[in-house]
Amino acid sequence: MTKFATFAAALGLTASSALAGGYVEPVVEVEPVVVDAAEPASSNAGLVVPALLLLGVIAAVASDDDDS
């Protein structure tokens, strides 16, 4: 019986040391993003706005109901 108690005590002490410590949140290292400022971003806004204005003028001219 004393051998069993000694074995249980030794097993209990080793198990508690294996569980020692708390939760450690993993560290995620993020590499910085390098933006190349030499190339300007292409944008079609310079073409879209005049195209929409042109379509509006065409629609206004097409809907003209001048019967004279």
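Let us look at the structure shown here. Values in this document were obtained by computation on a predicted structure and should not be read as measured data. (Residues numbered from 1 in each chain as written. Predicted model: local features only at pLDDT ≥ 70, side-chain atom pairs only at ≥ 80, totals over all residues. Heavy atoms only, no water.)

### Looking at the overall build of the chain
Helix and strand counts for the chain come out as two helices and zero strands. Residues counted as buried form 0% of the 68 residues belonging to the chain. Within the structure as shown, the chain displays about 6800 Å² of accessible surface, and the carbon and sulfur contribution to it stands at 67%. (Helix = DSSP H or I, 4+ residues; strand = E, 2+ residues; numbered from the N terminus. Buried < 20%, exposed > 50% of the residue type's maximum accessible area, 1.4 Å probe, protein only. Areas by Shrake-Rupley, 256 points an atom, 1.4 Å probe, with all protein chains shown as cover.)

### Focus on a nonpolar patch on the surface
On the surface, V48, L52, L54, L55 and I58 cluster together into a nonpolar patch covering about 490 Å² of accessible area. Within the element layout of this structure, L52 appears in helix α2 (residues 45–62). Its relative accessible area of 54% is what places L52 among the exposed residues. (Patch = residues over 30% accessible without salt bridge, like charges linked within 9 Å, V, L, I, M, F, W, Y side chains within 5 Å. Salt bridge = Lys/Arg side-chain N within 4 Å of Asp/Glu carboxyl O.)

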